[in-house]
Amino acid sequence: MKMKFPRKRIPLQTFLFAFAVVQSASALTMPELLPPVFADTEVSTNVAMRAWGENTRLFNVSLSFDATPSNNVQVAFGTDESADDNLSDEETGLTMGWDCGSWFVSGSAVSNRFAAAPAGAETRKELSLRISLGADGLPRKLELADGTSPLAFAGIDLSPPPPAWMFSKDWNLLKVVARGTDEQNEQITVVLSNDAVMLLLR
């Protein structure tokens with residue numbers, strides 16, 4: 001004899017468990033540079049960087065400014081080994097910015113300097129760099145763009161993985177340098193963040 005049992009409606013929540021790891025990010029925006037006081041018009045500032053953490057998976061940099069014929073703006077990253085709060089050329093691992101009418105990216109080696117033509121003729125320019133990082137702190141994926149247009153730097157292979165010199169978990173200082181007779185109106189933002197993760201268990 002078969003016995004019938006009343007059906008019970010069990011809420012979907014019983015079978016579906018969602019666990020979200022909220023993205024953790026630290027954004028660093030540079031202070032405005034002071035007007036130049038020397039004939040070469042160069043001004044600079046050094047800013048301490050948030051240290052890389054074991055959960056850090058993204059390194060994003062955005063540099064925007066007014067690209068007049070005289071202006072030059074760059075941001076450099078490195079490790080302040082001398083602990084003098086000034087990032088020297090010898091301590092620099094990555095530099096990116098605008099020089100002589102084009103974008104450039106360079107590494108610590110003299111031969112590691114690569115240029116790309118701007119995407120348009122607008123005076124207001126924006127260079128963005130986005131690097132996905134592995135658990136070991138090494139670059140896994142690289143994106144470079146002028147505004148919304150992807151950039152191709154001759155000599156840099158953008159296919160994964162990108163060159164290892166484009167990020168180091170030991171970097172603790174960045175330096176912004178600007179030159180030019182016109183106002184740069186520069187804005188530089190650096191973000192180190194964790195990937196957001198969602199696990200759905202059924």
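Relevant structure appears above.
Just so we're clear, the structure is a prediction, and the values are computed from it rather than from any experiment. Position labels on residues start from 1 in each chain and follow its written sequence. Confidence filtering applies because this is a predicted model: local features only for residues at pLDDT of at least 70, side-chain atom pairs given and counted only at 80 or more, and all residues used for totals across whole chains, interfaces and linings. Working from all heavy atoms in the structure, the side-chain values ignore hydrogens and water.

Quick look at the packing of aromatic side chains now. Describing an aromatic ring pair means giving the distance of the ring centres and the angle of the ring planes. Pairing of aromatic side chains here covers Phe, Tyr and the six-membered ring of Trp, requires ring centres within 6.5 Å, and sorts the geometry by plane angle: under 30 degrees stacked, over 60 edge-to-face, intermediate tilted. Tallying each qualifying case throughout the model produces nine aromatic pairs. On the numbers, 5.4 Å between centres and 80 degrees between planes, the contact of F59 with F77 is edge-to-face. With a gap of 18 residues between them, F59 in strand β4 (residues 58-66) and F77 in strand β5 (residues 72-78) connect regions that are remote in the sequence. The same class applies to F59 as to F77, namely buried. Residues F77 and W171 carry aromatic rings whose centres are separated by 5.8 Å and whose planes lie at 20 degrees to one another, so their mutual orientation is stacked. In this pair, F77 is assigned in strand β5 and W171 in the loop between β11 (149-150) and β12 (173-179), connecting sequence segments 94 residues apart. Relative accessibility under 20% of the residue-type maximum defines a buried residue, over 50% an exposed one, and the middle range a partly exposed one, all with a 1.4 Å probe and only protein chains included. By relative accessible area, F77 is classed as buried at 0%. Each residue in the set F59, F77, F167 and W171 is aromatic and connected to the rest through ring pairs, giving one cluster. Helix numbering and strand numbering both begin at the N terminus, where a helix is a DSSP run of H or I of at least 4 residues and a strand a DSSP run of E of at least 2.

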